[in-house]
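Descriptive structure summary
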Amino acid sequence: EMLGLALPGNGTIVATSEERHQLIKDAAKHLIRMIEQDVKPRDIVTKEAIDDAFALDMAMGGSTNTVLHTLAIANEAEIDYKIEDINKVAERVPYLAKIMPASDISMDDICKAGGVQAIINELTKIPGAIHPDRPTVAGVSMRELVADYEITNDQVIRTKDNPYSPVGGLSVLFGNIAPEGSVIKVGAVDPSIQTFEGDAIVFDSQEEAQQAIDDGIVREGHVVVIRYEGPKGGPGMPEMLAPTSAIQGRGLGTKVALITDGRFSGASRGISIGHISPEAAEGGPIALVENGDKIVIDLPNRTINLLVSETELEIRRAKLKPFEPKIKKGWLGRYSALVTNASQGGVLRIPTSEPTKETIKS
């Protein structure tokens, strides 16, 4: 909806309702009109539209997956959008709607309180928050499209004058363990947690980490490190809902952090940091972490750092074994060889340099 590619209500109207069936008919009419007028997705998806998509995510404390997918959309649209730009959006957009599992408010509640369109309309009232005069599939500007939608329950969707936070519900963290960025749904972290320092407990797969959490090996004060689960290492960046849920279920939501080069589902909460980039499979610093290393997470300053000297990290890097892809044949083998890390949207890129004899042989 915020990109301008879907009609109002698309994200919140209940799938089985009459309203959804009417939305389908309306969408078909607009599709025919756009074909006749030769309107294409790239006429609508501009850099401003990408900016605003992240703005809505900030206002709703949405899924960290949005970062991955929206960066990928920007890449397909040939829009130069950097992951560090996302924090700039967070600075100017307040957190207006806190949704499950960060609260007990459901998407159906959001729909009844005015929907995504009411949130967008509220953002139009904040100077500089979004770019409301850009085009949409409805044939009118975003401002015109949402002008009639107001918040009907300010306990479900807060107004700009009473936000959960003056800054958005997602953060991109940088530091020596994630020089190209990492993502956390900061709006789903207990407000008492501003910084967290803990001892690394390292796993090279989600399954190993899950077993350790279930067996009680992961304890208060740990930073669970799950690596080799990024786009290249996964391959395909599997969701990490099970480990984060298990940590919460054991009452460790404020006492244990989890960092990974993999990703989470929309249901992630707690001190869960994903998309660590560069990923372990491409030799990123997360591949150099050892059990017992101190890791410091600073949410207000958006940093995540490994308290190990550069000299020691270089020694470890010299000993690091080359990454062996889990799958070397077929489409997944090709995917693993060509995919970028999450900070670039996990997109496929053909190498631009001429292959050497060594790379051809490998």
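Please refer to the structure higher up on the page.
These lines cover the structure that appears in this document, whether it is placed above or below.

Scoring rules and cut-offs
Residues numbered from 1 in each chain as written. Predicted model: local features only at pLDDT ≥ 70, side-chain atom pairs only at ≥ 80, totals over all residues. Heavy atoms only, no water. Helix = DSSP H or I, 4+ residues; strand = E, 2+ residues; numbered from the N terminus. Buried < 20%, exposed > 50% of the residue type's maximum accessible area, 1.4 Å probe, protein only. Contact = heavy atoms within 4.5 Å. Axes fitted to C-alpha atoms, helices over the stretch in contact; angles between N-to-C directions. Parallel < 35°, antiparallel > 145°, perpendicular 65-115°, else oblique. Left-handed = near helix turned anticlockwise from the far one by under 90°. Phe/Tyr/Trp six-rings, centres within 6.5 Å; stacked < 30°, edge-to-face > 60°. Lys NZ or Arg CZ within 6 Å of the ring centre and 35° of its normal.

**What about the overall build of the protein chain?**
Within the protein chain one finds 13 helices and 8 strands. Here the C-alpha coordinates of the protein chain stretch approximately 60 × 50 × 35 Å along the principal axes. Out of the 362 residues belonging to the protein chain, those deemed buried represent 52%. Here the analysis covers contacts within the protein chain between residues at least 6 apart in sequence; of these, 70% occur between residues at least 24 apart.

**Thoughts on the environment of K29**
Of note, K29 is situated in helix 1 (residues 18-37). On the accessibility criterion, K29 (56% relative accessible area) is exposed. Between the alpha carbons of K29 and A138 there is a distance of 9.6 Å; along the sequence they are 109 residues apart.

**Remarks on the packing of helix 3 (residues 47-60) against helix 5 (residues 85-92)**
Here helix 3 crosses helix 5 at 60 degrees, and the two axes come no closer than 9 Å. In terms of their interaxial angle, helix 3 and helix 5 are classed as oblique. For the pair helix 3 and helix 5, the crossing hand works out as right-handed. Along the contact surface, helix 3 presents K47, D51, F54, A55 and M58, while helix 5 presents D85, I86, V89, A90 and R92.

**Brief notes about the packing of helix 3 against helix 4 (residues 65-76)**
Between helix 3 and helix 4, whose axes approach to 10 Å, the crossing angle comes to 170 degrees. With respect to helix 4, the element helix 3 is oriented roughly antiparallel. Where helix 3 approaches helix 4, its residues I50, A53, F54 and D57 are matched on the opposing element by T66, V67, T70, L71, I73 and A74.

**Regarding the packing of aromatic side chains**
Applying the stated criterion across every chain yields a total of 3 aromatic pairs. Geometrically, the ring pair formed by Y95 and Y164 is tilted, given 5.5 Å between the ring centres and 50 degrees between the ring planes. Within this pair, whereas Y95 is found in the loop between helix 5 and helix 6 (107-112), its partner Y164 is found in the loop between helix 8 (142-146) and strand 1 (171-175), the two being separated by 69 residues in sequence. Judged by its relative accessible area of 4%, Y95 falls in the buried class. The ring centre of Y164 lies 3.8 Å from the NZ or CZ of R158, which sits over that ring. Taking NZ or CZ as reference, R334 lies 4.6 Å from the ring centre of W331, over its face.

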